Amino acid sequence: MSDGSCCNWLRRLLRSFYKSPVIRTACVMLIVIVTIHHLTLISDSTSNREDVPVAVLPVAPTISPLEQIRKANYISGVEQTTGLSATGHITDWKEAEPNSNLIYLYSAYLDKRKSGSPSVRLIVIVKKKTKVAECTYWSASNKIETRSGQVKLIKENWALPYSAGFVICPMPSFGTEDPLARVGVTTKKGTQAVLEHSLRVEDTTTRTMIGEMSVCVKPLHYEFNRALWLVEFIEMYKLLGADHFIFYNHTVGPDVEVVLRHYMQKGSVEVLPWSLPVKTKTDIRTEGIFASLNDCNLRSVNHFPLTAMVDIDEFIIPRKDENLLETIQRLGPSYSAYIFKNVFFYLYWENDTALHDYLNTEENIQGKFFGPDSHMPYLLTQTKTRRLNTPHKHTVRSKYIARPEKCIEVGNHFVWDYARNMNFWELFQLAVGRSALNVPESEGLTQHYRICEYGGFECLKQPNHVDRTAHRYMPGLVEAVAAECSQMFPGLLACPVAPPLGSPCDRVQSYLTSDRVQSYLTSDRVQSYLTSDRVQSYLTSDRVMLVS
């Protein structure tokens, strides 16, 4: 083919591409399919490649120390499924009415925090616009009573079909000699709930204090398996004054399961089942987070005077005091919640070398704590010290410490509703909108360690500086992490290396190979379009054949 005819051929191809939407669509689909196929081949070739010839591979390969630990500890569901945890009875999601898909129940509490209106407060997931017609009560002697109840949606629900919420049931007439034992709900007037679909009622008024501060964390999900970061999270918050951690398990990986079992045996962690009954992000906000936070808050009532509402990658770091208990005490006891501004420490920024220098002193701290051949532990709070100059405003991505007995409805970044059974000064604070204290930056910040929130690397271009406030906890944190990891993973003397963070490019590949994209490409709609007479007629037309 001559150069002239080749150029003409290219011109006709480009002209056909720009003029025809059918050709454009077909080309885009072809590119996507070829890309996915190519990535799959790369993945297969990488996973199937062997660096050792087959002939020298052992017939019965030995199991690594890490795999032995995982195998010994990994059982379907790390959480307790029956009996009592430190803060109450263990429960899981159940349908209020069989096969209705309208209301799902998790827990129920006798709640006397609102002055003059004691009630039974149920943590639920509810299909929007669903109303509760009846609350059914069972006494200790199995007497039955029904009363009208109401649904209250938790405010942060977005425009999704289901929302976390409360069902508020008025108190039944049972006396103290035959107290309330269980409660269930129905959506039809004049109907009675089924005992098997009811909940045990927790009496928050008869509890005793068991600690100074609990930590509530949204449900663990996506097979979360960063064992070292979880250990760092627990040990750092212990240094900050926490003594109990409440986790909800949707899905975790084998290394994290080892960690959770270890701390459960020590009594500082409880892990509750979280068999989410609806689809996350499509039916309800992420993992039903607001149901878990409010359940955790109610579990903490009269067990802990303070509760920190945070995520695994968030650390509320005081600036003037050694721990958060001292900060809260100095800020004053009259507030119902203490809100700390959020500031990002992006993980794509460079690593700080201070941890490396500390571990590799003449005393050889790394070899002493983690073993002679160990890798340096990648501790978030000690490795990532570059942050944005300007934190977010209060209530925007902020995290907080609550007084659970004074907070009726808690959210992700602040408290929505407060109790009214307060003294005069507390009522005055509430009246002027000051029941929560917006903690000044000089007192403390929520240090949030994550990748760019909108993908890519543009976030790194914002004004920033190095902030080593968390480094004052380095000696105690390193020693605690080393001690716990060596107990949990004795064959390693350290916690396993976490999976790679990935990059925006990995996100694209993950999206192209996701079930959603694959389902779309193989859907009847796409296949019908590609095989339609219109597309086939065009692809076999003289115009296209001439180009080919």
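Before any of the text, the structure's been laid out above.
Residues numbered from 1 in each chain as written. Predicted model: local features only at pLDDT ≥ 70, side-chain atom pairs only at ≥ 80, totals over all residues. Heavy atoms only, no water.

### As for the pattern of salt bridges
Note on pairing: side chains with opposite charge can pair once their charged atoms come close.
Turning to step 1, where the next piece is worked out: Within this structure, the stated rule accounts for 24 salt bridges.
Turning to step 2, where the next piece is worked out: A salt bridge links E441 to K341; the nearest nitrogen and oxygen atoms lie 3.1 Å apart. Here K341 lies in the loop between β17 (337-340) and β18 (342-346) and E441 lies in the loop between β23 (436-439) and β24 (444-450), a separation of 100 residues in the sequence.
Turning to step 3, where the next piece is worked out: With relative accessibility at 34%, the residue E441 sits in the partly exposed group.
Turning to step 4, where the next piece is worked out: The network of salt bridges with shared partners includes K320, D321, R330 and E443. (Salt bridge = Lys/Arg side-chain N within 4 Å of Asp/Glu carboxyl O. Helix = DSSP H or I, 4+ residues; strand = E, 2+ residues; numbered from the N terminus. Buried < 20%, exposed > 50% of the residue type's maximum accessible area, 1.4 Å probe, protein only.)

### Digging into the pairing of strand β11 (residues 199-203)
Turning to step 1, where the next piece is worked out: In this structure, strand β4 (residues 103-111) lies alongside β11, joined through 3 bridges in parallel fashion. Its bridge partner being in β11, A108 is matched across the sheet by V201.
Turning to step 2, where the next piece is worked out: Pairing between strand β10 (residues 180-186) and β11: 2 bridges, direction antiparallel. Across the sheet, residue R182 finds its bridge partner in β11, namely R200. (Pairing = 2+ DSSP bridges.)

### Some details on helix α4 (residues 227-239)
Turning to step 1, where the next piece is worked out: If you check α4, its first and last C-alpha atoms are 19 Å apart, about what 13 residues at 1.5 Å a residue would give, namely 18 Å.
Turning to step 2, where the next piece is worked out: In terms of burial, α4 is largely enclosed, as 11 of its 13 residues are buried.
Turning to step 3, where the next piece is worked out: Among the residues trailing α4, G241 stands out with phi positive, at a value near 115 degrees. (Expected span 1.5 Å × (residues − 1).)

### With respect to the sheet that holds β24
Turning to step 1, where the next piece is worked out: With respect to topology, 3 strands assemble into an open sheet ordered β16-β24-β18, the strand pairing being mixed. Only two strands of the sheet have a single partner each, and these edge strands are β16 (314-318) and β18. Looking at each pair of strands side by side, their axes are set apart by 30 degrees on average, direction ignored. (Axes fitted to C-alpha atoms, helices over the stretch in contact; angles between N-to-C directions.)

### What to know about the sheet that holds strand β20 (residues 399-402)
Turning to step 1, where the next piece is worked out: Taken together, the 7 strands give an open sheet; going across it, the order is β14-β13-β12-β15-β20-β17-β23, and neighbouring strands pair in mixed fashion. Each edge of the open sheet is held by one strand with a lone partner, namely β14 (269-273) and β23. On average, each strand axis in the sheet is inclined to that of its neighbour by 20 degrees, with strand direction left out of account.
Turning to step 2, where the next piece is worked out: Direction of pairing for β17 relative to β23: parallel, over a ladder of 4 bridges.

### Remarks on the side chain of D321
Turning to step 1, where the next piece is worked out: Along the polypeptide, D321 turns up in the loop between β16 and α7 (324-331).
Turning to step 2, where the next piece is worked out: Within the local environment of D321, its side chain forms a polar contact with the side chain of R330, the two groups lying 2.7 Å apart.
Turning to step 3, where the next piece is worked out: Residues contacting D321, with those up to four places away along its chain left out, are E326, T327, R330, R472 and Y473. (Polar contact = N/O pair within 3.5 Å; in protein donor to acceptor, adjacent residues only side chain to side chain. Contact = heavy atoms within 4.5 Å.)

### Remarks on the packing of aromatic side chains
Turning to step 1, where the next piece is worked out: Across all of its chains, the model carries 19 aromatic pairs by this definition.
Turning to step 2, where the next piece is worked out: Their ring planes at 50 degrees and their centres at 4.8 Å tell us that F414 and W416 sit as a pair that is tilted.
Turning to step 3, where the next piece is worked out: Taking relative accessible area as the criterion, W416 reaches 32% and is therefore assigned partly exposed.
Turning to step 4, where the next piece is worked out: Joined through ring pairs, the aromatic side chains of F233, Y237, F245, F247, F315, F345 and Y449 make up one cluster.
Turning to step 5, where the next piece is worked out: The positively charged end of R121 is found above the aromatic ring belonging to F166, 4.7 Å away from the centroid.
Turning to step 6, where the next piece is worked out: The side chain of R226 reaches across the aromatic face of W229, ending 4.7 Å from its centre. (Phe/Tyr/Trp six-rings, centres within 6.5 Å; stacked < 30°, edge-to-face > 60°. Lys NZ or Arg CZ within 6 Å of the ring centre and 35° of its normal.)

### So, the state of the cysteines
Turning to step 1, where the next piece is worked out: Applying the stated criterion across every chain, the model contains 4 disulfides.
Turning to step 2, where the next piece is worked out: In this model C216 forms its disulfide with C296; the gap between the sulfur atoms is 2.0 Å. Of note, the bridge from C216 to C296 carries an S-S torsion of about -85 degrees and is left-handed in sense. Residue C216 is located in strand β12 (residues 213-217), and its partner C296 is located in helix α6 (residues 289-300); the two are separated by 80 residues in the primary sequence. Just as C216 is buried, C296 falls in that class too.
Turning to step 3, where the next piece is worked out: Each sulfur in the disulfide pair C485 and C495 lies 1.9 Å from the other. Judged by the torsion about the S-S bond (-90 degrees), the C485/C495 disulfide is left-handed. One end of the pair, C485, is in helix α12 (residues 474-488); the other, C495, is in the loop between α12 and α13 (504-512), with 10 residues separating them in the sequence. For the pair C485 and C495, a shared accessibility class is recorded, and that class is buried.
Turning to step 4, where the next piece is worked out: In the protein chain, numbering the disulfide-bonded cysteines from first to last in sequence yields the connectivity 1-2, 3-4, 5-6, 7-8. (Disulfide = S-S within 2.5 Å.)

### Observations concerning the pairing of β14
Turning to step 1, where the next piece is worked out: With 5 of its 5 residues buried, β14 lies for the most part within the structure.
Turning to step 2, where the next piece is worked out: Alternating residues of β14 divide into V269, V271 and P273 and E270 and L272, and every residue in both groups is buried.
Turning to step 3, where the next piece is worked out: Pairing of strand β13 (residues 244-249) with β14, which is carried by 5 bridges, proceeds in the parallel orientation. Of the residues in β14, the one forming a bridge with F245 is V269.

### Comments concerning unusual backbone geometry
Turning to step 1, where the next piece is worked out: Phi is positive for N99, which is not a glycine, with a value near 60 degrees.
Turning to step 2, where the next piece is worked out: For N99, the location among the structural elements is in the loop between β3 (94-95) and β4.
Turning to step 3, where the next piece is worked out: Backbone geometry at Y222 places phi at a positive 55 degrees, although glycine is not the residue there.
Turning to step 4, where the next piece is worked out: In this fold, Y222 is placed in the loop between β12 and α4.

### Thoughts on the packing of α4 against helix α5 (residues 254-266)
Turning to step 1, where the next piece is worked out: The interhelical angle for the contact between α4 and α5, taken along N-to-C directions, is 30 degrees, at an axis separation of 8 Å. The pairing of α4 with α5 is recorded here as roughly parallel in orientation. Side by side, α4 and α5 meet where A227, L230, V231, I234, E235 and K238 of the first sit next to D255, V256, V259, L260 and Y263 of the second.
Turning to step 2, where the next piece is worked out: Residues of the contact of α4 with α5, tallied by class, amount to 8 nonpolar, no polar and 3 charged. (Parallel < 35°, antiparallel > 145°, perpendicular 65-115°, else oblique. Nonpolar A, V, L, I, M, F, W, Y, C, P; charged D, E, K, R; others polar.)

### Thoughts on the environment of N351
Turning to step 1, where the next piece is worked out: Tracing the backbone shows N351 in the loop between β18 and α8 (354-359).
Turning to step 2, where the next piece is worked out: A relative accessible area of 45% means that N351 is categorised as partly exposed.
Turning to step 3, where the next piece is worked out: On a C-alpha basis, the gap between N351 and T385 in space is 7.5 Å, while along the polypeptide they are 34 residues apart.
Turning to step 4, where the next piece is worked out: Those residues in contact with N351 that sit more than four places away from it in its chain are Y378, T383 and K384.
Turning to step 5, where the next piece is worked out: At a separation of 2.6 Å, a polar atom in the side chain of N351 contacts the side chain of K384.

From the geometry alone we can't say anything about function, so treat these as descriptive.
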